[in-house]
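If you want the building blocks of each chain, they are given just below.
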Amino acid sequence: MKKTILAIAFSVSLVPAVALAFSPELHNDDGKSYDYEIACGGSTTHSKINGHTTTSLSSGNNCTLKVQGAGSAKLAPNMKCTIKGGALSCK
């Protein structure tokens, strides 16, 4: 019984860590705002990032980030994308 309770408690404690681990980030190092979209299969979400800010990106399987005027990249877990000098780069 104790092992079952410990296993459940351990599993529940990992859920938020796993969810956070897979959220790509977009950082805008430029002073201007950019419109961007995330396309996942047949669904596309449009948004905007202001200058000198960072935002977490929702990501499913097979998603692509497109930043207007800066470029695009296929998203992956834990990816960090930066807009700097008008260009998008992701690691």
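Fair warning: this is a prediction, and the values are worked out from it, not measured in the lab. (Residues numbered from 1 in each chain as written. Predicted model: local features only at pLDDT ≥ 70, side-chain atom pairs only at ≥ 80, totals over all residues. Heavy atoms only, no water.)

Student: Explanation requested: the sheet that holds strand 2 (residues 34–40) in the structure shown.
Tutor: Adjacent strands of a sheet pair through backbone hydrogen bonds, lying either parallel or antiparallel. Taken together, 4 strands build an open sheet; the order of strands is 3-2-5-6 and the sheet is antiparallel. Strands with a single pairing partner mark the edges of an open sheet, and in this sheet they are strand 3 (43–49) and strand 6 (71–74). Here the strands of the sheet are splayed against their neighbours by 20° on average, with no regard to which way each runs. The pairing of strand 2 with strand 5 (residues 63–67) spans 5 bridges and is classified as antiparallel. For Ile38, the partnering residue across the bridge sits in strand 5 and is Leu65. (Pairing = 2+ DSSP bridges. Helix = DSSP H or I, 4+ residues; strand = E, 2+ residues; numbered from the N terminus. Axes fitted to C-alpha atoms, helices over the stretch in contact; angles between N-to-C directions.)

Student: Could you clarify how one ought to interpret the side chain of Asn28 in this entry?
Tutor: Within the fold, Asn28 resides in strand 1 (residues 25–28). Those residues within four positions of Asn28 in sequence are excluded, and the remaining contacts are Ser33, Tyr34, Ile49, Asn50, Gly51, His52, Thr53 and Ile83. (Contact = heavy atoms within 4.5 Å.)

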